[in-house]
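Commentary on secondary and tertiary structure
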Amino acid sequence: MEELGKRALTGDIRAVSRLIRNIEDQVPNTHEAIKHIFPFTGRAHVVGITGAPGAGKSTLTDQLICSIRAKNKTVGVMAVDPSSPFTGGALLGDRIRMLRHADDPGVFVRSLATRGAMGGLSKAVGDGIHVLDVMGKDVIIVETVGVGQQEVDIINHAHTVLVVLVPGMGDEVQAIKAGLMEVADIFIINKADREGARKLYKETLSMMDMGKFPSGWRPPIVMVESNLEPHSFAKSVDELYEKIQEHYKFLYDNNLLQERAQLKVQTEINDALRSAILEPVLNKLIETGEFDQMVQKLLKKETDPYTLADEVAAKYLIK
Amino acid sequence: MAKKIRILLAKPGLDGHDRGAKVLARCFRDAGFEVIYTGCHNTPEQIVNAAIQEDVDMVGLSCLSGAHTYLYPEVVQQLKDRGVTDIPVVGGGIIPDRDMQPLYDAGLKAIFTPGATLDSIVEWINTNIAAKE
C-alpha cells in the first residue's frame, strides 16, 4: 500500500485513481499510503463549488478548468453525486460536462458517490484532496452534490468556497438564512440572463450589507450568463477565476491560509479518531452479536441508548 | 471495507440516441452499482482516459450508428496500449449477427443486443465483474 503512495507521488495516474478507489472502499492499510504522502501535502489551492441541483456547478467547473489551464496551471477535480439511500447505487453524471478535458494530461477528473455521507461530500474527499495535491495538481476543484441549505462540509476542505445561486429559488428571506449563504467566499449568480437575476443580485447584496466581515474579505458577486453564448460565458468565468486568485492572495497576505488549514486538520483528526476508535468497537459489537442484543434490549425498553453507550465505553475505553 | 462495482457507461462516435444508455444507467444504479455516465459523442481516447481516471471495473459501450465494428475494438486496443488489461469492455446496441464474432475476437467480453433483458445484464455483471483485488 505504501508503494501505491510512492507511485502517486510521481504522478502515476493509475496509482492515483486506484488510491482514491481504495480510500472510497476503505480497503485495509490504505492509511499506510496516506501516511506516506501526508508530509508532501498542502501545496494546492483547493476550490469548492457548491449550490442547488442543476444550478450549473459542473458546467461552471468545466469552463473554470479552461480558465485555469490558460494560465498553465494543472487541475484536479473531484465531483460528488449522491448515492441511493435504498440500493447504494449511484449515477455519477458530472463528467458529461467536462468531457472536452479528458485528453488533457494536465487535468484529472474523478467522480465520487456520497456513500451515505450527509454533508454534501463523500468521506473520501479529504484524503482524495491529498492525493491530487501530491500528484502535482496546482488547483483542486471539489464539486459538491446539489445541496440544500445545510450541507456545508465543503468549508472544512476548501480554501475558497464558491456558492452558485440561480434566479427563481425563493424570496429574500432565503438569502438571510443560516447555512449555505454564510459559507461563500465568492457568490456566483448563474444563468444571469434569466428573469429575476437582477433581483437576486440586489438581495444578495443587501444580505451582505447587513453582514460583518471580520477577516476583511467581503464576498464578491460574479454574474455569469448562459453558456449558450460561449464567448461571454468564457469571459465571465475568466473574471471568476481572477476573483478566486484574489481570494487566495488575500488569505496568503493576511496569514489566513493557516486558519483554513486548521479547519481541515480538525476534520481530519475527527475522522481519523472515528476510524481508529469508534469503528473497531462498532465492528466488534456487530461481530459478536452484541449490537443486535443491544437493539433488542432497546426495543423492549429494558434499557436506554445512553446506559448502553456507557457500558460499552466502560468495557472498551481504558481511562 | 465497502467495495462497490464501478461502471463507465459511454457512447462513442456520432450517435445521439442515448435512451438505451440512460435506461441502463438507471438500471445499474438500482442494482447498487456506481455508474459514471459520460454522455454522447465520446472519442475512444476520452473513454479510455475516463476509465483510467475513474478506476472502473468495467466499460460499457453503446452505439446505434453502425460504427461499432470500428469503435469498440478501438477502445479495447487503446486500453491495451495504455497497459490496462484488467478493465473488461462490454458492448451493446444494434449489432448484426455477422459482427458478433469479430467483436469477441477483438476482445469484447460480452455483447448485448435488442431483446437482452436488464436483469440478464445485471446478472452477467454480478457473475463476471467481481470487485477487483
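Residues numbered from 1 in each chain as written. Chains lettered and ligands numbered in written order. Predicted model: local features only at pLDDT ≥ 70, side-chain atom pairs only at ≥ 80, totals over all residues.

**Brief notes about the overall build of chain A**
Where we set the bar: Starting at the N terminus, helices and strands are each numbered in turn, a helix being any DSSP run of H or I of at least four residues and a strand any DSSP run of E of at least two. Computation of the radius of gyration draws on C-alpha atoms alone. For the globule rule, the value is 2.2 Å times the number of residues to the power 0.38. In this description, any two residues whose backbone-derived C-beta atoms lie within 7 Å of each other are considered to be in contact.
For chain A, the helix and strand inventory stands at eleven helices and eight strands. For a compact globule of 319 residues, the expected C-alpha radius of gyration is about 20 Å, and chain A comes in at 22 Å, within 12% of that figure. Principal axes of the C-alpha set define a box for chain A whose edges measure 65 × 50 × 40 Å. Partitioning the contacts of chain A with sequence separation of at least 6, the portion at a separation of at least 24 is 74%.

**Description of the sheet that holds strand S2 (residues 75-81) of chain A**
Sheet strands associate in pairs through backbone hydrogen bonding, adopting either a parallel or an antiparallel arrangement. All names here are of chain A. Stated formally: Should DSSP find at least two bridges between two strands, the strands are taken to pair. To obtain an axis, a line is fitted to C-alpha atoms, over the contacting stretch when the element is a helix, and the angle between two such axes runs from 0 to 180 degrees between their N-to-C directions.
Spatial ordering of the open sheet is given by S4-S2-S5-S1-S6-S7-S8, a layout of seven strands whose pairing is parallel. Of all the strands in the sheet, the pair left with one neighbour each is strand S4 (107-113) and strand S8 (221-224). Taken pair by pair, the neighbouring strands of this sheet meet at an average axis angle of 20 degrees, ignoring direction. Here strand S1 (residues 45-51) pairs with strand S6 (residues 160-165) via five bridges, running parallel. Looking across to S6, one finds that Gly51 is bridged to Val164. Contacting S6, strand S7 (186-190) and S8, helix H7 (residues 197-209) crosses the sheet at an angle of about 170 degrees to S8. Taken strand by strand, helix H8 (residues 230-253) contacts S1, S6, S7 and S8, and its axis lies near 160 degrees from that of S8.

**Re the sheet that holds strand S2 (residues 34-37) of chain B**
Taken together, six strands build an open sheet; the order of strands is S3(A)-S2(B)-S1(B)-S3(B)-S4(B)-S5(B) and the sheet is parallel. The sheet is open, and its two borders are formed by strand S3 (90-92) of chain A together with strand S5 (110-112) of chain B, each paired with just one other strand. Between one strand axis and the next, the sheet turns through 20 degrees on average, direction left out of account. Summarising the sheet, strand S4 (residues 89-93) of chain B and S5 of chain B pair through three bridges and their orientation is parallel. Counterpart to Gly92 of chain B in the pairing with S5 of chain B is Phe112 of chain B.

**Observations concerning the packing of helix H2 (residues 13-25) of chain A against helix H5 (residues 125-134) of chain A**
Residues and elements named next belong to chain A. Heads up, the condition is: Just so you know how the angles are binned, under 35 degrees is roughly parallel, over 145 roughly antiparallel, 65 to 115 roughly perpendicular, and the rest oblique. In this scheme, a crossing is called left-handed if the near helix is turned counterclockwise away from the far one by less than a right angle; it is called right-handed if the turn is clockwise.
Interaxial distance between H2 and H5 falls to 9 Å at its minimum, and their mutual angle equals 165 degrees. In this view, H2 runs roughly antiparallel relative to H5, as classed from their interaxial angle. Like other packed secondary-structure pairs, H2 and H5 cross with a definite hand, here right-handed. Residues Val16, Leu19, Ile20 and Ile23 of H2 lie in contact with H5, whose contacting residues are Asp127, Gly128 and Val131.

**Here we look at the domain arrangement of chain A**
Rule in force here: Residue ranges assigned to the domains are those given by an automatic or database domain assignment.
Taken domain by domain, chain A holds domain 1 (1-39), domain 2 (41-254) and domain 3 (268-316). Computed from C-alpha atoms alone, the centre-to-centre distance between domain 2 of chain A and domain 3 of chain A is 37 Å.

**Here we look at the pairing of S6 of chain A**
Residue and element names in this part refer to chain A. Short version of the rule: Here a residue counts as buried when 20 or more other C-beta atoms fall within 10 Å of its C-beta, as exposed when 12 or fewer do, and as partly exposed in between; the C-beta atoms come from the backbone.
The buried count for S6 comes to six of six residues, which makes it a mostly enclosed element. With burial as the criterion, each face of S6 is covered, one bearing Thr160, Leu162 and Val164 and the other bearing Val161, Val163 and Leu165. Bridge analysis of S6 against S7 gives four bridges, and the strand direction is parallel. Within S7, the position partnered with Leu162 by the bridge is Ile186.

**Some remarks on the interface of chain B and chain A**
One widely used convention gives an interface's size as the accessible area the parts lose upon coming together. Each partner contributes residues to the interface: chain B has 27 residues there, and chain A has 27 residues. Of all the secondary structure elements, the ones that give two or more residues to the side of chain B that touches chain A are helix H1 (19-30), S2 and helix H2 (44-54) of chain B. Considering each element in turn, the side of chain B that touches chain A owes the most residues, seven residues, to H2 of chain B.

**A short note on H2 of chain B**
All names here are of chain B. Of all eleven residues that make up H2, nine are buried, and the element is covered over most of its length. Buried residues of H2: Pro44, Ile47, Val48, Asn49, Ala50, Ala51, Ile52, Gln53 and Glu54, and no others. Downstream of H2 by one or two residues, Asp55 has phi in the positive range, about 45 degrees.

**Focus on the environment of Val163 of chain A**
Residue and element names in this part refer to chain A. In this fold, Val163 is placed in strand S6. Once the C-alpha coordinates of Val163 and Met98 are considered, the two residues, 65 residues apart in sequence, prove to be 19 Å apart. Residues in contact with Val163, not counting those within four places in the same chain, are Thr50, Gly51, Leu180, Val183, Ala184, Phe187 and Ile188.

**So, the environment of Gln262 of chain A**
Residues and elements named next belong to chain A. Along the chain, Gln262 falls in helix H9 (residues 257-288). Residue class for Gln262 comes out exposed when judged on the 11 C-beta atoms lying within 10 Å of it. For Gln262 and Asn156, which are 106 residues apart along the polypeptide, the C-alpha to C-alpha distance reads 8.6 Å.

**Digging into the pairing of S7 of chain A**
All names here are of chain A. To keep it simple, the criterion reads: By convention, orient the strands away from the viewer: a clockwise path from the first strand over the helix to the second makes the crossover right-handed.
Across the five residues of S7, five count as buried, placing the element largely inside the fold. Burial along S7 is two-sided: the residues Ile186, Ile188 and Asn190 and Phe187 and Ile189 are all buried. Pairing geometry for S7 and S8, over four bridges, is parallel. Across the sheet, residue Ile189 finds its bridge partner in S8, namely Met223. In this fold, the crossover linking S7 to S8 by way of H7 has right-handed handedness.

**Here's the deal with H1 of chain B**
One full turn of an α-helix is made of 3.6 residues, so residues set three or four places apart face in the same direction. For the record, the criterion: Here the expected length of a helix is defined as 1.5 Å per residue gap, with one fewer gap than residues.
Between the first and last C-alpha of H1 of chain B there are 17 Å, a value that for twelve residues agrees with the 16 Å anticipated at 1.5 Å per step. Looking at the buried residues of H1 of chain B, the elements they touch are S3 of chain A together with strand S1 (6-10), S2 and strand S3 (58-63) of chain B.

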